Amino acid sequence: MAKKKEVNAEIKEVANEQVKDNSYKAWNERTNEEKKASINEYSKAIIAKAIKEKASFWNKNMSKQELDNSMPYNASKGIAYTGQTSALLRAVSELNGYEKPSFLTMKQANFLGGTLKKQLDEKGKPVLTKNGKEAYEQGVKIALLKTESYVPKLDENGQTMMRAIKDKDGNQKIGKDGKPMFEPVMEKIYHKTPILETVTLYHTSQFDNLKMDKLKERDLESLEKLREGIKKSNYDPRPNINNLGLGEKVTRDINNFLNAELKGLDYFKIQDKEIIKNQTKEQGQNKSQVRGM
């Protein structure tokens, strides 16, 4: 437990270094490029921590089956995560020792009866924030481009349109105050320029009271359909983490890993020339020793 708290605390500390800059802006005031830079710094901190703790998932060969059976996924929908999201969740899973890489958003967990756990120290006592409040478990921030949003629909007078909230039998619900319950009518709008946002994912073990029987398993059938679509497409949707600013070899290996994962291929880590040279030298020495016997 103590190691897990140290891992999350160190990631958060590294990622929040930029906040100390005098030019810090509130999230909603940042441009997409500024948001992207912030998210990249955060993501880089997670991968760097994985390297430091020797939790580098990309450093071992894996068959297609092993890749499939270890893919992080959304336990509410069964959807497997690929690309940079997969890399971050795999790193966090190894760092924290999660046996099953199943994740949820806060909203999904709440819908399934879950409540986020409070952080406890090695003695089982609540961890406090800088403000003296009890701290809650930390999730993983994932970047996504929003091309659409839902906003309240307005009538011809500019007033929000409302509709009755009904129960499963189609009857209007009555609130605790004895009055009928209503909610805004929402409509979808499309953004001319996609907006970069984040969603926080939590591991299922970070919640209390989750309805475990309602959780879904990883949907490999849907994943295979995605892979078939990729094979038939005219472009190569190869994932890449080049924008994280990691070292050349690490970037290369993770990119190759994510490519194998997305396309359903066996993954073989590229052996660098120096390593191959040393292995060949060692094999030659071993043969010489055998002859000498």
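Counting starts from 1 at the beginning of each chain's written sequence and moves along it residue by residue. Local features in this predicted model are restricted to residues whose pLDDT is 70 or higher, and side-chain atom pairs enter the listing and the counts only when it is 80 or higher, whereas totals over whole chains, interfaces and linings include all residues. Water and hydrogen atoms play no part in the side-chain values, which are based on all heavy atoms of the structure.

Caption draft 1: Focus on helix H6 (residues 220-232). Helix and strand labels come from DSSP, where a helix needs a run of H or I of at least four residues and a strand needs a run of E of at least two; each type is numbered from the N terminus. Given a helix with a known number of residues, its expected span is that number minus one, times 1.5 Å. The end-to-end C-alpha distance of H6 is 19 Å, a good match for the 18 Å that 13 residues give at a rise of 1.5 Å each. Partly exposed residues are those whose accessible area sits between 20% and 50% of the maximum for their type, while under 20% is buried and over 50% is exposed, using a 1.4 Å probe and protein chains only. Regarding H6, the residues found buried are Leu223, Arg227 and Ile230. Taken end-on, H6 shows its buried residues confined to a sector of 55°, consistent with a single buried face. For H6, the exposed residues lying more than 90 degrees away from the buried face are Glu221, Lys225 and Lys232. N or O atoms closer than or at 3.5 Å make up a polar contact, with two conditions inside protein: a donor-capable atom paired with an acceptor-capable one, and, for residues adjacent in sequence, both atoms drawn from side chains. The N-terminus of H6 is capped by Asp219, whose side-chain oxygen sits 3.3 Å from the backbone nitrogen of Glu221. The arc in question is the one traced by the directions running from the helix axis out to the C-beta atoms.

Caption draft 2: How the structure looks around the sheet that holds strand E4 (residues 140-152). Overall, mixed pairing links the four strands, which are arranged E1-E2-E7-E4 in an open sheet. Of all the strands in the sheet, just strand E1 (73-74) and E4 have a single pairing partner and so form its edges. As paired elements, strand E2 (residues 102-105) and strand E7 (residues 186-203) share three bridges and run antiparallel to each other. Note on E7: the bridge partner recorded for Thr105 is Leu201. Against the sheet, helix H2 (residues 32-52) engages E4 and E7, with an angle of about 20° to E7. A strand pair is defined by DSSP finding two or more bridges across the two strands. Contacts are assigned to residue pairs with any non-hydrogen atoms lying within 4.5 Å of each other. Note on geometry: axes are lines fitted to C-alpha atoms, helical ones only across the stretch in contact, with angles between N-to-C directions running from 0 to 180 degrees.

Caption draft 3: Summary view of the confidence of the model for the chain. A score from 0 to 100, pLDDT tells how confident the predictor is in each residue. Per-residue pLDDT for the chain has a mean of 86; in total, 84% of the residues score no lower than 70. Of the regions scoring below 50 in pLDDT, residues 17-22 engages in five contacts with residues more than four places distant in sequence or in other chains.

Caption draft 4: The arrangement of the side chain of Asp253 in detail. Tracing the backbone through its elements, the reader meets Asp253 in helix H7 (residues 248-263). On the accessibility criterion, Asp253 (3% relative accessible area) is buried. At a separation of 3.1 Å, a polar atom in the side chain of Asp253 contacts the side chain of Arg252. With residues near it in sequence (within four places) discarded, Asp253 still touches Trp58, Tyr267, Lys269 and Ile270.

Caption draft 5: Examining the environment of Gln206 more closely. Tracing the chain through its elements places Gln206 in the loop between E7 and strand E8 (207-208). Gln206 gets classed as buried once you look at its relative accessible area, which sits at 2%. For the pair Gln206 and Leu104, spaced 102 residues apart in sequence, the C-alpha separation works out to 9.7 Å. One polar contact links the side chain of Gln206 to the main-chain amide nitrogen of His203, over a distance of 2.7 Å.

Caption draft 6: A look at helix H4 (residues 83-96). Between its first and last C-alpha, H4 extends 20 Å over 14 residues, near the 20 Å set by a 1.5 Å rise per residue. Across the 14 residues of H4, twelve count as buried, placing the element largely inside the fold. Of all the residues in H4, the buried ones are Gly83, Thr85, Ser86, Ala87, Leu88, Leu89, Arg90, Ala91, Val92, Ser93, Leu95 and Asn96. Trailing H4 by a residue or two, Gly97 shows a phi angle of about 70°, which is positive.

Caption draft 7: Fine view of the nonpolar core. Take the buried residues of types Ala, Val, Leu, Ile, Met, Phe, Trp, Tyr and Cys, join any two whose side-chain atoms come within 4.5 Å, and each joined set is a nonpolar core. Core analysis: the largest hydrophobic core is formed by 30 residues, its most contacted members being Ile46, Ile47, Trp58, Val140, Leu246, Ile254 and Phe257. If you list the elements that add at least two residues to this core, you get H2, H4, E4 and H7. Here the element with the most residues in this core is H4; it accounts for six residues. Counting residues in each nonpolar core, the second largest holds ten residues, with Tyr73, Ala75, Leu116 and Phe207 among its members.

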